[in-house]
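# Structural features, examined
Each chain is listed here by its residues.
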Amino acid sequence: FREQPIFSTRAHVFQIDPNTKKNWVPTSKHAVTVSYFYDSTRNVYRIISLDGSKAIINSTITPNMTFTKTSQKFGQWADSRANTVYGLGFSSEHHLSKFAEKFQEFKEAARIAKEKSHEKMELTSTPSQESAGGDIQSPLTPESINGTDDERAMPEVTQNSEPRAEPTQNALPFTHSSTISKHWEAELATLKGNNAKLTAALLESTANVKQWKQQLAAYQEEAERLHKRVTELECVSSQANEVHTHKTELNQTIQELESTLKKKEEEIERLKQEIDSARELQAQRDSLTQKLQEVEIRNKDLEGQLSDLEQRLEKSQNEQEAFRNNLKTLLEILDGKIFELTELRDNLAKLIECS
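Sequence positions are assigned chain by chain, starting from 1 and proceeding in written order. Whole-chain, interface and lining totals are the exception, using all residues; otherwise, since this is a predicted model, local features are given only for residues with pLDDT of at least 70 and side-chain atom pairs are given and counted only at 80 or more. Side-chain metrics rest on all non-hydrogen atoms present in the structure, leaving aside hydrogens and water.

### Some details on the overall build of the protein chain
Condition: Secondary structure counts use DSSP, requiring at least four H or I residues in a row for a helix and at least two E residues in a row for a strand, with both numbered from the N terminus. Burial classes follow relative accessibility: with a 1.4 Å probe on protein chains only, a residue under 20% of its type's maximum area counts as buried, one over 50% as exposed, and anything between as partly exposed. Contacts between residues were defined by any pair of non-hydrogen atoms, one from each residue, lying within 4.5 Å. Only the protein chains shown count as cover for residues, and all accessible areas are computed by the Shrake-Rupley method using a 1.4 Å probe.
The helix and strand tally for the protein chain stands at three helices and eight strands. From first element to last, N terminus to C terminus, the protein chain shows the α and β order β-β-β-β-β-β-β-β-α-α-α. Split into buried and exposed, the 355 residues of the protein chain put 27% on the buried side. Put simply, 65% of the contacts in the protein chain that link residues at least 6 apart link residues at least 24 apart. Looking at the protein chain as shown, the accessible area adds up to about 24000 Å², and 52% of this sits on carbon and sulfur atoms.

The following block contains the structure:
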């Protein structure tokens, strides 16, 4: 079996509401088994949870993921490949801490595995890069491969049903938005670096093309002059053998010039292709810049919503405090009235006894 469970626990499973991106939606009616799995073939770690035969969690751990504790018994992490955020409610803080430790451990293992894979790919691609000479190489960014859809059944951990930990509302948006923003910023920085390199190469290539065009024009002029010279020599020269020898040399020179011209044309065609590639990268950079601006605008909206919620919470607390004070005052008045009624009852009882 390719995948084996290496750690299991039980928790209530939630996913973020895809419409509001604020509220949590429970995906399990009760606590279910949540397990870490290791795929030895592809050297990846995954978090899997089944509710009956339905997979409610299938998340591959990547070095960019972060597990966040939002309360004493609740934690969450964002999965950009599944385009969702998972939340887990544990029965105790100890179970949450243990799960978070394992998450960090396997995240570090995934990072090391990715670095080794990247080094292996670089070593594999080294011969082809050396043979390419001075060609401009595109940056290699291998992506991690996600898990397959067919899941293996997991052994159930025999535990009693734990109390359900409620997730903290509004704890998600900033974490998720910050992760997306950092991701786009990293990609934008990479594209800016590549764009700078390609721009420098493009400028150099443009200068070379101009120089080659000048040389080509000079070669063409020289070829025409030599053709004219050959014609003149054939017409006026009385030494046929010398003229023939000179003509042969001139023909060889013309062939060499034509070969050089062909090579220059091929080089110009290659440079045109590199220019087209640079333009495509420029378009990608502009698209990522626009997406980053949209993410920043969304973050500002979320900050405004959080500020509004904090003001509402403060107002609610003040109202509750005023209600408590009023209730305390009412209780004091009621105690006084009860005390007066008690004294009145005792006096009436004494009067009845005396009469």
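Back to the text.
### Some thoughts on a nonpolar patch on the surface
The line we're drawing: Within this analysis, patches are made of residues with over 30% relative accessible area and no salt bridge. Like charges are joined at 9 Å or less; nonpolar side chains (Val, Leu, Ile, Met, Phe, Trp, Tyr) at 5 Å or less. By salt bridge we mean one thing: a side-chain nitrogen of Lys or Arg within 4 Å of a carboxyl oxygen of Asp or Glu.
Taken together, the side chains of Phe323, Leu327, Leu330, Leu331, Leu334 and Ile338 define a hydrophobic patch exposed on the protein surface, amounting to about 590 Å² of accessible area. Counting through the fold element by element, Leu331 comes out in helix H3 (residues 240-354).

### Brief notes about the nonpolar core
Note the cut-off: For this analysis, a nonpolar core means a set of buried residues of the types Ala, Val, Leu, Ile, Met, Phe, Trp, Tyr and Cys, connected via side-chain atoms within 4.5 Å.
In this structure, Tyr36, Ile47, Ile57, Trp77, Leu88 and Phe99 are the most contacted members of the largest nonpolar core, which totals 22 residues. Listing elements by their share of this core, those giving two or more residues are strand S1 (3-16), strand S3 (32-39), strand S4 (44-51), strand S5 (54-60), strand S8 (84-89) and helix H1 (93-131). With five residues, H1 is the largest single contributor of residues to this core. Residue contacts for Phe99: discarding those within four places in its chain leaves Phe7, Thr9, Val34, Tyr36, Ile47, Phe67, Trp77, Leu88 and Phe90.

### Considerations on the confidence of the model for the protein chain
Heads up, the rule is: Scored between 0 and 100, pLDDT is the confidence that the predictor attaches to each residue.
Chain-level statistics for the protein chain give a pLDDT mean of 80 and a share of 79% at 70 or above. Element-level mean pLDDT values for the protein chain span from 71 in helix H2 (residues 173-236) up to 95 in strand S7 (residues 74-79). Note that residues 127-163 has pLDDT below 50 and, in this model, 54 contacts with residues that lie over four places away or in other chains. For the stretch residues 169-176, pLDDT sits under 50, and the model shows 22 contacts to residues farther than four places along the chain or on other chains.

### As for the pattern of salt bridges
A full pass over the atoms with the stated rule returns 12 salt bridges. Arg225 serves as the salt-bridge partner of Glu222, at 2.6 Å between the closest nitrogen and oxygen. Of the two residues, Glu222 and Arg225 are both situated in helix H2; the distance of three residues between them amounts to about one turn of the helix. Take Glu222: its relative accessible area is 30%, and that puts it in the partly exposed class. Its salt-bridge partner being Arg285, residue Asp286 comes within 3.8 Å of it at the nearest N-O pair. Exposure remark for Asp286: the relative accessible area of 40% places this residue in the partly exposed category. Here the residues in one salt-bridge network are Glu108, Arg111 and Glu115, joined through shared partners.

### Considerations on unusual backbone geometry
The phi dihedral of Asn43 is positive, around 55 degrees, even though this residue is not glycine. Looking at where Asn43 falls in the secondary structure, it is placed in the loop between S3 and S4. Non-glycine residue Asn83 carries a positive phi angle of around 55 degrees. Topologically, Asn83 is positioned in the loop between S7 and S8. A relative accessible area of 55% means that Asn83 is categorised as exposed.

### Some words on the packing of aromatic side chains
What counts, and what does not: Between 30 and 60 degrees the pair is tilted, below 30 it is stacked and above 60 it is edge-to-face, where a pair is any two Phe, Tyr or Trp rings, Trp via its six-membered ring, whose centres lie within 6.5 Å.
One pass over the structure, following the stated rule, counts 14 aromatic pairs. An angle of 70 degrees between the planes, with centres 5.3 Å apart, marks the rings of Trp24 and Phe74 as edge-to-face. Linking Trp24 in strand S2 (residues 24-26) with Phe74 in strand S7, this pair joins segments that are 50 residues apart in sequence. For Phe74, a relative accessible area of 0% corresponds to the buried category.

### Topic: the pairing of S5
Test applied: Strands are labelled as partners when DSSP assigns at least two bridges between them.
Relative to S5, S4 runs antiparallel, the two being bridged by six bridges. Its bridge partner being in S5, Ile48 is matched across the sheet by Asn58. Between the end of S4 and the start of S5, which pair antiparallel, lie two residues, with Gly52 showing a positive phi angle near 75 degrees.

### Overview of the pairing of S3
With seven of eight residues buried, S3 lies mostly within the body of the structure. Judged from the eight bridges that link them, S1 and S3 form a sheet pairing that is antiparallel. The partner of Thr9 across the bridge, within S3, is Val34. Note: S3 against S4, six bridges, orientation antiparallel. Counted as the bridge partner of Asp39 is Val44 from S4.

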